[in-house]
Amino acid sequence: MDSPPENAGKGLKPTISVYIEYLSNRISSYFPAASYSNFLSRISNFYRGSSGTSKRRRRKTCLPLPFPSSHESSTVVCDASRTVGVLEDIMECIFLNLHYIQKNLEYWQSKAQGSNAKRAYFMICERGPYAFFNGTVQLLSDCVGEGSGMQHTYCLASSYISERINFLSSLRYHLATFLAQIYVKFDKAGEDLVKDPEKSLSSLLVDMNDLFLKLEASIGHFHAVRQQSSSVDGSYSFPLIFEKLPEVNQEGSQWTDFETRDAINLIYQNMDRLNTYLAAIVKIHRKPRRVTRYWIPYTCGIVGISICSLWLLRHSSLVGSSDIDNWIREAKDSTVSFWNDHVEQPLISIRDDLFYTFRKRQKGAMEPEEVQLTADSLHRMLQAFTEQTKGQKAPPNATDQEMLEIVMMRYEKELMHPIQNLFSGELSRALLIQVQKLKLDIEEAMLELDQILRANEINFAILAALPAFFLSLIVIMLVRAWFKQDKKAEGRGRVARIQRRLLIVEVERKIMQLESYKDKGQEKDGQCMLGLALYYLDRLYCAVEGHARATGEWISLRQDIIDLAKPDIQTAHKLRITSRMERVYDCLLPLPKVQ
């Protein structure tokens, strides 16, 4: 949908392929001869194969037609498949052309909203080398002659931009009106298709032919207007003239299959003519190509590349210099050194820390068996000291703490005469027992510390791997963002959600303008607003389908979009629907702001 027809020839090939494929399926029932079918299939394959390089492609989905809500709608689709297919193709054609016009119109409107300096810069620097030299010469001559060169450039830019805005706005107006008329015709004929399909099909074909003739009358004056003086480059090669249904088919309800087939062929011929005319007429009013707008940076880039090429040639082996070979060798050695020192070795170290920590770790500073030996030795020393001090055997259930209290009491008593008791008393023995207790406490503390360190070795390894992990995560995010760029309203990022919500805003605005025109009795302007509302609903329909299907909201959201497109629903009810859509559906909710 984003790529409009570039020219008449390329833009017609995909459309003709679709039409020929459709007609081959329909006309095969009237002409069973294999030769005719093979001929049509060859033409269809030719256009299908050549359309691969065309920038205009058939879309997968578009806003559906307002089928009757009764249970007989499936029967209608089967009986009226030919006319329904024609209507769908017409709507798709108008949607594509409206989008092409809208993109160019938005570009010119953005230029019109810019400052005088920006518009003057566009006139001189963004229209190609020829306009650059002519504009520069004209600006210098105006400055030298009249002294108002910049003011003349401002006026010229405003006229240049406003002419294209007016033309594209008028063309969009008539196409949107044509789209609304087709949609309303089918909406009114829905019940008739259920009751009397044969008669309704013929009347629909006649009505579509009349609508094409009205469109010809409304946009045919563009050819005459273009004959006057204009700043638009190029010229219109042909006016828009549609084929008319024969008068014999205008009356009566009993059409033969051949008459129906001829009417469908005529509608498709008119669609081809409309596509060709719009491709030619919009082409000369469209925004400049990217290479035209940025020809100055591209030129500077080409000049810079040429200078660099010449400089490289002077240092290459083609002129007998070995500078480039030496630079390449040094760059290779530096790259290999950087890889080994800053990538390979750190990764190997992290791998060893993660996978071989517990396999290759050394023996701890303290083992539980050593601590147990010290504790047993202290217990025997306390038990022996207690038995000797009290003169009786210590109780078997006495704890080390109880016996240690006896030692401390004896120690305090011995300290009354330290010099004497150091040689003849139990003071030295009590000191040695306390040293043993201190040793046991130190060993237990070291054992606990060793256990803590061992338990946290994996944490240290993970901490060592965190820099590489974060670096890899950043690289993955950058690569993902590069490959999965935001596709405007169809994307998944914040910008895409904003675009989808802006589409709902445009739908609300067109619905309110439609109601205003109805109150004023301006039926033609009201039809244009309805057509533009259908266009924005079509864009919204295509943008949210994939997201809504993924979240399971598509059935309800699709019905809301179809209800917004129905002309007979009250404006207040439509505004309630748009308000609900902005609050309920996940694909239309704004993303939370990052603090």
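Draft legend 1. Summary view of the overall build of the protein. A tally of regular secondary structure across the protein gives 24 helices and zero strands. Taking the intrachain contacts of the protein between residues at least 6 apart in sequence as the baseline, contacts between residues at least 24 apart amount to 75%. Taken as a whole, the protein presents about 34500 Å² of accessible surface, with 58% of it coming from carbon and sulfur.

Draft legend 2. How the structure looks around the packing of helix α21 (residues 494-520) against helix α22 (residues 523-551). One way to put it is that α21 packs onto α22 with a least axis distance of 9 Å and a crossing angle of 160°. With respect to their mutual orientation, α21 and α22 come out roughly antiparallel. The two elements α21 and α22 cross, and the hand of that crossing is left-handed. A breakdown of the residues in the contact of α21 with α22 according to their chemical character gives 14 nonpolar, three polar and five charged.

Draft legend 3. Geometry of the confidence of the model for the protein. Within the protein, residue pLDDT values average 76, and 71% of them lie at 70 or more. Contacts from residues 1-19, a stretch scored under 50 in pLDDT, to residues over four places away or in other chains number 53 contacts. A low-confidence stretch, residues 28-58 stays under pLDDT 50, and its non-local contacts, those more than four residues away or across chains, total 43 contacts.

Draft legend 4. Highlighting the environment of I562. Tracing the backbone through its elements, the reader meets I562 in helix α23 (residues 554-565). Sequence separation of I562 and P64 is 498 residues, and the distance between their C-alpha atoms is 7.4 Å.

Draft legend 5. Representation of the packing of α22 against α23 in the model. In contact at an axis separation of 10 Å, α22 and α23 are set at 180° when each is read in the N-to-C sense. With respect to α23, the axis of α22 lies roughly antiparallel. For the pair formed by α22 and α23, the contact residues are L530, L534, L537, L540, Y541, V544, E545, A548 and R549 on the first element and W554, L557, R558, I561, L564 and A565 on the second.

Draft legend 6. A look at the packing of aromatic side chains. Scanning all chains against the criterion turns up twelve aromatic pairs. With centroids separated by 5.4 Å and ring planes inclined at 75°, the aromatic side chains of F132 and F133 adopt a geometry described as edge-to-face. Since its relative accessible area comes to 24%, F132 is described here as partly exposed. Counting every residue linked through ring pairs, the aromatic cluster contains Y107, W108, F122 and Y160. One cation-aromatic arrangement involves R127 over Y160; the distance from NZ or CZ to the ring centre is 5.0 Å. One residue, R164, lies across the ring of Y160, its end atom 3.5 Å from the ring centre.

Draft legend 7. Expanded view of a nonpolar patch on the surface. Among the surface-exposed residues, L310, L313, L318 and V319 lie close enough to one another that they form a single nonpolar patch of about 430 Å² accessible area. Mapped onto the fold, L313 is located in helix α13 (residues 295-314). A relative accessible area of 38% means that L313 is categorised as partly exposed.

Draft legend 8. Broad picture of the nonpolar core. Core analysis: the largest hydrophobic core is formed by 87 residues, its most contacted members being I90, L171, L274, L557, I561, M581 and L588. It is helix α7 (residues 149-188) that contributes the most residues to this core, 15 residues altogether. Apart from the residues lying within four places of it in its own chain, the contact partners of L274 are I94, F212, L215, I219, L240 and F242. In this structure, L378, A398, M403 and I433 belong to the second largest nonpolar core, which totals 15 residues.

Draft legend 9. Just helix α17 (residues 400-414), in detail. Look at α17: 21 Å from first C-alpha to last across 15 residues, which is about the 21 Å you get at 1.5 Å a residue. Turning to α17, its buried residues number three or more, namely M403, L404, I406, V407, Y411 and E414. The buried side chains of α17 occupy one side of the element, clustering within an arc of 155° when seen end-on. Opposite its buried face, α17 presents the exposed residues M409, E412 and K413, each directed more than 90 degrees away.

Draft legend 10. A look at the pattern of salt bridges. Applying the stated rule across the entire model yields nine salt bridges. When the shortest N-O distance is used, the salt bridge between E243 and R273 registers 2.7 Å. Taken together, the residues E243 in the loop between α10 (221-226) and α11 (257-283) and R273 in helix α11 connect sequence positions 30 residues apart. Given a relative accessible area of 32%, R273 falls into the partly exposed group. We note a salt bridge from R549 to E545, for which the minimum N-O separation is 3.0 Å. Residue R549 and its partner E545 are located together in helix α22, separated by four residues, close to a single helical turn.

Draft legend 11. Fine view of the environment of R580. Mapping R580 onto the fold places it in helix α24 (residues 571-584). As a C-alpha pair, R580 and D560 span 20 residues in sequence and 9.4 Å in three-dimensional space. Once residues lying within four places of it in the same chain are set aside, the contact partners of R580 are D560 and Y585.

Draft legend 12. Highlighting the side chain of T374. With respect to the helices and strands, the residue T374 is situated in helix α16 (residues 368-390). Among all residues touching T374, those that are not within four sequence positions of it are Q436, K439, L440 and E443.

Draft legend 13. How the structure looks around α21. When the terminal C-alpha atoms of α21 are compared, their 39 Å separation across 27 residues agrees well with the 39 Å that a helix rising 1.5 Å per residue should span. Of all the residues in α21, the buried ones are A496, R497, R500, L503, I504, V507, E508, K510, I511 and L514. If you follow the buried residues of α21, they end up packed against α22, α23 and α24. Two residues or fewer past α21, G521 is found with a positive phi of approximately 75°.

Draft legend 14. The arrangement of the environment of S321 in detail. Among the structural elements, S321 can be located in the loop between α13 and α14 (323-355). You can call S321 buried: its relative accessible area is 16%. Those residues in contact with S321, other than ones at most four positions away along the chain, are R314, H315 and S316. Reaching out from S321, the side chain makes a polar contact with the backbone oxygen of H315 at a distance of 3.4 Å. In terms of polar contacts, S321 uses its side chain to reach the side chain of D323, at 3.2 Å.

Rules of the game
Residues numbered from 1 in each chain as written. Predicted model: local features only at pLDDT ≥ 70, side-chain atom pairs only at ≥ 80, totals over all residues. Heavy atoms only, no water. Helix = DSSP H or I, 4+ residues; strand = E, 2+ residues; numbered from the N terminus. Contact = heavy atoms within 4.5 Å. Areas by Shrake-Rupley, 256 points an atom, 1.4 Å probe, with all protein chains shown as cover. Axes fitted to C-alpha atoms, helices over the stretch in contact; angles between N-to-C directions. Parallel < 35°, antiparallel > 145°, perpendicular 65-115°, else oblique. Left-handed = near helix turned anticlockwise from the far one by under 90°. Nonpolar A, V, L, I, M, F, W, Y, C, P; charged D, E, K, R; others polar. pLDDT = per-residue confidence, 0-100. Phe/Tyr/Trp six-rings, centres within 6.5 Å; stacked < 30°, edge-to-face > 60°. Buried < 20%, exposed > 50% of the residue type's maximum accessible area, 1.4 Å probe, protein only. Lys NZ or Arg CZ within 6 Å of the ring centre and 35° of its normal. Patch = residues over 30% accessible without salt bridge, like charges linked within 9 Å, V, L, I, M, F, W, Y side chains within 5 Å. Salt bridge = Lys/Arg side-chain N within 4 Å of Asp/Glu carboxyl O. Core = buried A, V, L, I, M, F, W, Y, C linked by side-chain atoms within 4.5 Å. Expected span 1.5 Å × (residues − 1). Arc of directions from axis to C-beta. Polar contact = N/O pair within 3.5 Å; in protein donor to acceptor, adjacent residues only side chain to side chain.

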